[in-house]
Each structure stands twice: as structure tokens, then as C-alpha cells.
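Fold and contact review
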Amino acid sequence: MSKAKRQAPTLPKGTRDFYPESMRLQNFIFDTWKRVSKRFGYEEYEGPIFEHLELFTGKSGDEIVSQLYHFEDKGNRALALRPEMTPTLARLIVQKGNTIKKPFKWFSIPRLFRYERAQKGRLREFFQLNLDVIGTESVFAEADLISAIVAMLVEFGLSADDFSIGISSRELLANYLIEIGVSDPNLVYPALDRRLKTSPEAFLSTLLELGLLETQVQKINTFMESKSLNEIRTMISSPNSIQALNDLQNLFDLIENTGFGPYIGLDLSIVRGLAYYTGIVFEVFDRAKSMRAIAGGGRYDNLCENLGGQKVPGVGFGMGDVVLANLLKDHDLIPDLHPKIDLYIASFTNDFPKVFVLANQFRELHLNVAHPLEITKLSKQMDQANSQGARCVVYVDGEKATENTYEFKDLSKGLMHIGSIQDIVEYLKNEPS
Ligand code: HAM
């Protein structure tokens, strides 16, 4: 009797496999993220991939909560795979209380999970660089983060023609909403955040349903479409609104003085979907706006307090790997990411004991070394050396080699040499590849 054919296992929807080829791209992105984060003085941290469910419910905002992957563990604890890093960061800060010296700048590259409708740039499992400045209300923090975003995207090869950072202020919006008679701004943020994703009619009817008047909705539209802070200045009068506007103006002045003016713009249509933002908010988009935001963030001065800790101001952003990789591909900015090793140890006679000994001698000198793993013809060994990106092939049994010297071939130049282990190490160090 023939056995029923088993169905081959498949990849869960919205997740990715990282074969070595994709892993090279992933590492290229992570290495660049880490290098620039460190250049700006951010220190790396991590947390667990799952947290107590209640860390996210009520704090992150309805949209993200509806996308949670949550489960009960064997001890009946309600847990969730993290959909974002900010609540974990706030928990870390609350736990340490006054024992962490503030202000400080931290970064992390968490793997995150959101039950989203999987599509281009939107997956159910993704990575996100997080940069956060904790413990200061100074707008220097926002300026530092925005400078880091620019430096990072420029490091990837992008320019001001490719992306822009739209900046807004939830505080200004909140105070304006209060000025026009909207008593609970928190209630309308989700609708305002979706404003450009729905029709004007649908936007109006959602706000009417929330109890707003048509005249208030018109004012909100005018506010969100304003292109200059001077325009807004004529629309506000409360000291809180004026203070929020001045903070925004200070940030623009600071960034323009740094020379990053071409990368930023006022965009009062930005509200951000997450519930905890309290001040300046920003999003990074490709100029063509052909994809979802590359990054988004803002100030969240009450999150630690809402988690039961002291009030600790914070501001930060998240930048997703999926959108960034798509953008780099679209702009042809993925460098040549072939595998690379220093040496491949080959043997005409398949003399494995010699191959192993020599390979390990080079590895002790910190070189990356490969060799054949089974008896094979030299031509196949050479194919393996090439596909593994070896710079040189060393022959353990080259005929012209004398005692303690080896014949070796520089694969990119096609030239043969003879030398000792030390000579080969020196050659790799000094000879341009
Ligand atoms: P967020 O706007 O939800 O912010 O996400 C930031 C970025 O993560 C997005 O702009 C996008 O590039 C990427 N991203 C989000 N969801 C997905 C997804 N399903 N698939 C692929 N990429 C995605 C936050 O998460 C905040 N916690 C950021 C933050 C840090 N705010 C302050 N500090």
C-alpha cells in the first residue's frame, strides 16, 4: 500500500524566510542602522519577544491592539507577541526608576508581530529600528532623532529627492481642537489619523457620528491642510496652542540650522495611530508616497506614568526593515552582497588531514576559511571556492611549494604565488583586492 503523500510545510502568511542571500541584505540594513545609531551616541538594548498582554492593551491604541498575536501560556498567563517596542522600553524605564541616569539615548532592532493584512511593505512579522531619547523635554531630542534619520537614510545612499520627513505636533492639534470646542481630542485622533485614507464624505460622517459639528470638521480640514506655521498662528489664541506652535517652530529652526532643511517639511495631516503620543510627531515618506511610511515616531511624555511609574518624558521613532528594503531596491541602492571568505584550502590529492590542519591554522589567525567536505576533483573545489567568494585558494599539495610554503592563487587577479602562512596573511592584508 502506498503511503499518502504528506503536504510540504508552508511559510505562515506575512512572514519571511531568510536564506543566506536575504540574510546578507538583512545584515547590510542592520549593520548600517547600528553603525549610525552608535555614531549618534545611542546604546543598544533588548527585551523579550513576548510580554504580558496588558502592557499593550489600553496603551498602544485600538488599531495595534486589534492586531495583537496573543495567547495563554500553560500557567494561564495572558501574553502577547510584541507589536512594537515602545511599551517594553517604558517598562524597562519604570522598573529601574531613578537608578538610570537621565537623559539617555537607546536603540534596539526588535522583531515585531502584527496581525495585518499582508501586502507590499506590510507583513505580520518584521524588524524595526527604534531610537529613543528618554528623560528630557528639550526639543534638542527631536532634532537629534531627526538628524539621525537623515544621516541613516543618506548612509544608505538616499537623498532629499528620495524621502522627506513630515513634522507635526499632536499637542498643537489637541490645543486647537479644544479651542474649536472639541472636548476630548483623544476620541477623534483615530479618525484624524485615517483622514487621508478615507473619502472626505466618510471622514465627515465619522466625525459627525462622534458628535462634532460640520463647522468644526471644516476647521479641522483647514488646520490639517495648512502649509505654514504663520497660517496656523492666525488660527489660534490660547497660550497652550501658542506654546506648542513655538516648540514646533524651534524644532524647524534647529534642523534648518543644522543644514537638514531640505529633508523636512511641516505636515499637519500627521496625527500618528498610536495613542500615547503627546507632543511633536513625525513620519518619513518616500517623495513619491508610493509606499507606507518608512519611519514614524514622536513624543510620549506620559507613557511611563501610565504604566504606573514616575513621569519620564520620552521621544523616539521606529523604522521598518520591509519598507526600507523596498525603497532601496526601487532606487537600485542594494550593494553587491555576494558571500566573502578569505581563503579556500584545496587539495589535488584530497589530503583531508592536511587540509583540516592548515584551515585551522589560518582560522587561529582570524581568517575566514572554507575547504572541501568530501572527496572531489580540483575543478569542483575551485567552483566551491568561487561560489563562497574566496579571495585566495591555498593548495596544500601544490607541486612547486617547498617545505612550510604553499602555492596560493588570488582568484580575482588569476595570479599564482608561493609563500608561508605568514606571507599569505600579509598578502591578504596588504594587497588590494
Ligand atoms: P509605527 O508607526 O507603528 O510606530 O511603526 C513604525 C514603522 O514600522 C512604520 O513606519 C513601518 O515602516 C514599520 N511597520 C509598522 N508596521 C509594519 C508591518 N506590519 N510590516 C512592516 N513594517 C511595519 C511604532 O511602532 C512606534 N512604537 C515607534 C516609536 C518608537 N515611537 C516612539 N518610539
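In this text the structure is predicted, and so the values were computed from the model without any measurement.

**Digging into the overall build of the protein**
Secondary structure assignment for the protein yields 15 helices and 17 strands. In terms of C-alpha radius of gyration, the protein reaches 28 Å, well past the compact-globule figure of 22 Å for 433 residues. Its C-alpha atoms give the protein principal-axis dimensions of about 90 × 70 × 45 Å. Here the protein holds 433 residues, and the buried ones make up 49% of them. If you sum the accessible surface of the protein, you get close to 22300 Å²; carbon and sulfur atoms cover 51% of it.

**A look at the domain arrangement of the protein**
Along its sequence, the protein is organised into domain 1 (20-48 + 86-330) and domain 2 (341-430). Taken over C-alpha atoms, the centre of domain 1 sits 52 Å from the centre of domain 2.

**Quick look at the packing of aromatic side chains**
Two aromatic rings, taken as a pair, are described by how far apart their centres are and by the angle between their planes. Overall, the coordinates contain 16 aromatic pairs when judged by the stated rule. Taking the centre distance of 6.2 Å and the plane angle of 65° together, the rings of F18 and F127 count as edge-to-face. With F18 in the segment before α1 (20-39) and F127 in strand β7 (residues 125-134), this residue pair connects regions lying 109 residues apart in the sequence. Here the guanidinium or amino end of R124 rests over the ring plane of Y115, the centre of that ring lying 4.0 Å away. Sitting over the ring of F285, K289 keeps its end group 4.5 Å from the ring centre.

**Quick word on the pairing of strand β8 (residues 163-169)**
The element β8 is largely enclosed, with a buried count of six among its seven residues. With three bridges connecting them, β8 and strand β9 (residues 264-266) associate as parallel partners. Counted as the bridge partner of G166 is G265 from β9.

**Digging into the packing of helix α4 (residues 140-155) against helix α10 (residues 239-257)**
The description of two helices packed together rests on the angle between their axes and the distance between the axes. Taken N-terminus to C-terminus, the directions of α4 and α10 make an angle of 45°; their axes are 9 Å apart at the nearest point. Here α4 is positioned oblique relative to α10, judged by the angle of their axes. The crossing of α4 and α10 is right-handed. Two secondary-structure elements touch here, α4 through F140, E142, A143 and I146 and α10 through L251, L254 and I255. Residues of the contact of α4 with α10, tallied by class, amount to six nonpolar, no polar and one charged.

**Overview of the environment of P200**
Relative to the helices and strands, P200 resides in helix α7 (residues 200-209). Using a relative accessible area of 60% as the deciding quantity, one classes P200 as exposed. Placed 21 residues apart in sequence, P200 and N221 show a C-alpha to C-alpha distance of 9.4 Å.

**Some thoughts on helix α8 (residues 214-225)**
The end-to-end C-alpha separation of α8 is 17 Å, in line with the 16 Å expected for 12 residues at 1.5 Å each. Burial in α8 covers these residues: Q216, V217, I220, F223 and M224. Along the axis of α8, the buried residues cluster in a sector spanning 120°; they form a single face.

**Things to note about the sheet that holds strand β14 (residues 369-370)**
The strands that make up a sheet are held in pairs by hydrogen bonds between backbone atoms, and each pair lies either parallel or antiparallel. Here five strands make up an open sheet; going across it, the order is β14-β13-β15-β16-β17 and the pairing mixed. Single-partner strands in this sheet number two, and they are β14 and β17 (415-419). The pairing of strand β15 (residues 390-395) with strand β16 (residues 406-410) spans four bridges and is classified as antiparallel. Directly across from V393, in β16, lies its bridge partner K409. Contacts between helix α13 (residues 352-364) and the sheet are confined to β13 (341-346), β14, β15 and β16, with β13 contributing the most and set at about 160° to the helix.

**Quick word on the site of the ligand**
Lining the immediate surroundings of the ligand are 28 residues, of which E84, T86, E116, L123 and Y277 lie closest. Under a 2 Å grid-point criterion requiring more than half of the atoms, the pocket assigned to the ligand is the largest pocket. Contributing elements (two or more residues each) for the shell around the ligand: β7, β11 (295-299), β12 (314-320) and α12 (321-330).

**Focus: the side chain of R114**
Turning to its location among the elements, R114 is positioned in the loop between β6 (111-113) and β7. We note that R114 is buried and unpaired, the nearest opposite charge coming from E116 at a distance of 4.4 Å. A polar side-chain atom of R114 sits 2.8 Å from the main-chain carbonyl oxygen of P83.

Each value, and the rule that gives it
- Starting from 1, residues in each chain are numbered consecutively following that chain's sequence as written.
- Only residues with pLDDT of at least 70 get local features here, since the model is predicted, and only at 80 or more are side-chain atom pairs given and counted; chain-wide, interface and lining totals rely on the full set of residues.
- Note: side-chain values were computed over all heavy atoms of the structure, leaving out hydrogens and water.
- The helix count covers DSSP runs of H or I at least four residues long, the strand count covers runs of E at least two residues long, and both are numbered beginning at the N terminus.
- Note on method: radius of gyration uses C-alpha positions; expected globular size equals 2.2 Å times residues raised to 0.38.
- Residue exposure (1.4 Å probe, protein chains only): buried if accessible area is under 20% of the type maximum, exposed if over 50%, otherwise partly exposed.
- The method behind every accessible area is Shrake-Rupley, applied with a 1.4 Å probe, and residues are considered shielded solely by the protein chains displayed.
- Domain delimitation follows an automatic or database domain assignment.
- We call Phe, Tyr and Trp rings a pair once their centres come within 6.5 Å, taking the six-membered ring for Trp, and we label the pair stacked below 30 degrees between planes, edge-to-face above 60, and tilted otherwise.
- Criterion for a charge above a ring: Lys NZ or Arg CZ within 6 Å of the ring centre, and within 35 degrees of the ring normal.
- For two strands to count as paired, DSSP must find a minimum of two bridges between them.
- The angle between two axes is taken between their N-to-C directions and runs from 0 to 180 degrees, where each axis is a line fitted to C-alpha atoms and a helix contributes only its stretch in contact.
- For this classification, under 35 degrees means roughly parallel, over 145 means roughly antiparallel, 65 to 115 means roughly perpendicular, and everything else is oblique.
- Crossing handedness is read from the near helix: turned anticlockwise from the far helix by less than a right angle, it gives a left-handed crossing, and turned clockwise, a right-handed one.
- When checking whether two residues touch, look at their non-hydrogen atoms; a contact exists if any pair is within 4.5 Å.
- For this classification, the nonpolar set comprises Ala, Val, Leu, Ile, Met, Phe, Trp, Tyr, Cys and Pro, the charged set comprises Asp, Glu, Lys and Arg, and every other residue, Gly included, is treated as polar.
- Any helix carries an expected span of 1.5 Å times its number of residues minus one.
- By arc we mean the arc of the directions from the helix axis to the C-beta atoms, nothing more.
- We define proximity as follows: a residue is near a molecule or strand when any one of its heavy atoms falls within 4 Å of that partner.
- A 1.4 Å probe that fits but cannot get out identifies a cavity on a 1 Å grid over protein atoms alone, an open set with protein on both sides within 12 Å along at least five of seven lines counts as a pocket, and a residue lines either if it has an atom within 4 Å of a point.
- Any molecule with more than half of its atoms within 2 Å of a cavity's or pocket's grid points is regarded as sitting in that cavity or pocket.
- Residues scored as charged are limited to Lys and Arg (positive) and Asp and Glu (negative), so that His and the chain ends carry no count.
- One speaks of a salt bridge when a side-chain nitrogen belonging to Lys or Arg is within 4 Å of a carboxyl oxygen belonging to Asp or Glu.
- Counting of polar contacts relies on pairs of N or O atoms within 3.5 Å, with two restrictions inside protein: one atom must be capable of donating a hydrogen and the other of accepting it, and residues adjacent in sequence are counted only when both atoms are side-chain atoms.

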